[in-house]
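Read off the chains here:
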Amino acid sequence: WVVAMSQGGDVTISVHDSYAALNTAVESGELAGVCVRFGVEIVTLFGGALTRSDPGDLDIAVGFRRGDPSAPARGFLGVVNALVELVPGDHLDIMDLDRADPVAQMAALYGSRILYQASMTATTERQMAAFTMYHDTQFLRDLQTEALRR
C-alpha cells in the first residue's frame, strides 16, 4: 500500500489500483505513446501480478528497438519516469530487458503479458534470442550450482 497526498487528503493506492491504471494506459494508447517517444520495442508484465491474487508489485520489462542508436540514449530512466507518471503508487519494478541476464529474460518473455510491441514479430524474436542465450549458458549455471554444493 502506498499513501499519496491529494487535495482532499491522503489516498491509499494498492497494487490493484496501480494494475488498473496500467491497464487503462495500455487500452488508451498512452503506454504506446511513451514507447514510441522513447524508442521502446517491447513492454511485458510478468511475475506475481499474473500468478498471485495479492501481488506485492508489478514486474515490468522494457526492451528498446535494436538498431536504433538513439533509443537507449533517450533512456531507460526516461521510460521509468514516464511509466511512474502513468501508474500511481510505488508498485512498479521495472527491468531493462536488454541488460537482463538470460534467466530474467526468460521470466519476462515466457508466461508474461505483452503490454506493447513495436512490431508483430518483436516478442517472438526476443523469445528466440532469450531461449538461445538461456540454453547456451546453462552449463555455467550448472557449474555454479555444483560449486555451491561443495
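Residues numbered from 1 in each chain as written. Predicted model: local features only at pLDDT ≥ 70, side-chain atom pairs only at ≥ 80, totals over all residues. Heavy atoms only, no water.

Draft legend 1. Summary view of the overall build of the protein chain. Of the regular secondary structure elements, the protein chain holds eight helices and six strands. Going from the N terminus to the C terminus, the protein chain shows its helices and strands as β-β-α-α-β-α-β-α-α-β-α-β-α-α. The buried share among the 150 residues of the protein chain stands at 42%. Counted over contacts in the protein chain with a minimum sequence separation of 6, partners at least 24 positions apart contribute 65%. Element-wise, carbon and sulfur atoms account for 56% of the exposed surface of the protein chain, whose accessible area totals about 8700 Å². (Helix = DSSP H or I, 4+ residues; strand = E, 2+ residues; numbered from the N terminus. Buried < 20%, exposed > 50% of the residue type's maximum accessible area, 1.4 Å probe, protein only. Contact = heavy atoms within 4.5 Å. Areas by Shrake-Rupley, 256 points an atom, 1.4 Å probe, with all protein chains shown as cover.)

Draft legend 2. Looking closely at the side chain of Gln105. Looking at where Gln105 falls in the secondary structure, it is placed in helix H6 (residues 102–109). Among the polar contacts made by the side chain of Gln105, one reaches the main-chain carbonyl oxygen of Ala100 at a distance of 3.0 Å. Those residues in contact with Gln105 that lie beyond four places of it in its chain are Leu97, Ala100 and Ala130. (Polar contact = N/O pair within 3.5 Å; in protein donor to acceptor, adjacent residues only side chain to side chain.)

Draft legend 3. Fine view of the confidence of the model for the protein chain. Per-residue confidence for the protein chain gives a mean pLDDT of 87; residues scoring 70 or more make up 88%. Confidence drops under pLDDT 50 across residues 1–7; counting only partners more than four residues distant or on other chains, this segment forms 19 contacts. (pLDDT = per-residue confidence, 0-100.)

Draft legend 4. The arrangement of helix H1 (residues 15–28) in detail. Between its first and last C-alpha atoms H1 spans 20 Å; for 14 residues at 1.5 Å apiece the expected length is 20 Å, and the two agree. All buried positions along H1 are accounted for by Val15, Ser18, Ala21, Leu22, Asn23 and Ala25. For H1, the capping residue at the N-terminal end is Ser14, with a side-chain oxygen 3.3 Å from the backbone nitrogen of His16. In the stretch just after H1, Gly29 is the one whose phi turns positive, near 90°. (Expected span 1.5 Å × (residues − 1).)

Draft legend 5. Looking closely at a nonpolar patch on the surface. On the surface, Phe139, Leu140 and Leu143 cluster together into a nonpolar patch covering about 310 Å² of accessible area. Note on placement: Leu140 falls in helix H8 (residues 138–149). (Patch = residues over 30% accessible without salt bridge, like charges linked within 9 Å, V, L, I, M, F, W, Y side chains within 5 Å. Salt bridge = Lys/Arg side-chain N within 4 Å of Asp/Glu carboxyl O.)

Draft legend 6. Focus on the sheet that holds strand E3 (residues 40–46). What the four strands build is an open sheet, ordered E5-E4-E3-E6; its pairing is mixed. One side of each edge strand has no neighbouring strand; the edge strands of this open sheet are strand E5 (92–96) and strand E6 (113–117). Mean inter-strand twist for the sheet, computed between neighbouring axes without regard to direction, equals 20°. As paired elements, E3 and E6 share four bridges and run antiparallel to each other. Following the sheet pairing, Leu45 is matched in E6 by Arg113. Where helix H7 (residues 122–136) meets the sheet, it contacts E3, strand E4 (58–64) and E6, and its direction lies at approximately 75° from that of E3. (Pairing = 2+ DSSP bridges. Axes fitted to C-alpha atoms, helices over the stretch in contact; angles between N-to-C directions.)

Draft legend 7. A look at the packing of aromatic side chains. On inspection of all chains with the given rule, the structure shows zero aromatic pairs. In this structure, Arg141 is placed above the aromatic ring of Tyr134, and the distance from its NZ or CZ to the ring centre is 4.0 Å. (Phe/Tyr/Trp six-rings, centres within 6.5 Å; stacked < 30°, edge-to-face > 60°. Lys NZ or Arg CZ within 6 Å of the ring centre and 35° of its normal.)

Draft legend 8. Broad picture of the packing of H6 against H7. Two numbers describe how H6 lies on H7: the axes approach to 9 Å, and their chain directions differ by 145°. Viewed along their axes, H6 and H7 form a crossing whose handedness is left-handed. Between H6 and H7, the residues in contact are Pro102, Val103, Gln105, Met106 and Leu109 and Arg126, Gln127, Ala130, Phe131, Met133 and Tyr134, respectively. Residues that form the contact of H6 with H7 fall into these classes: eight nonpolar, two polar and one charged. (Left-handed = near helix turned anticlockwise from the far one by under 90°. Nonpolar A, V, L, I, M, F, W, Y, C, P; charged D, E, K, R; others polar.)

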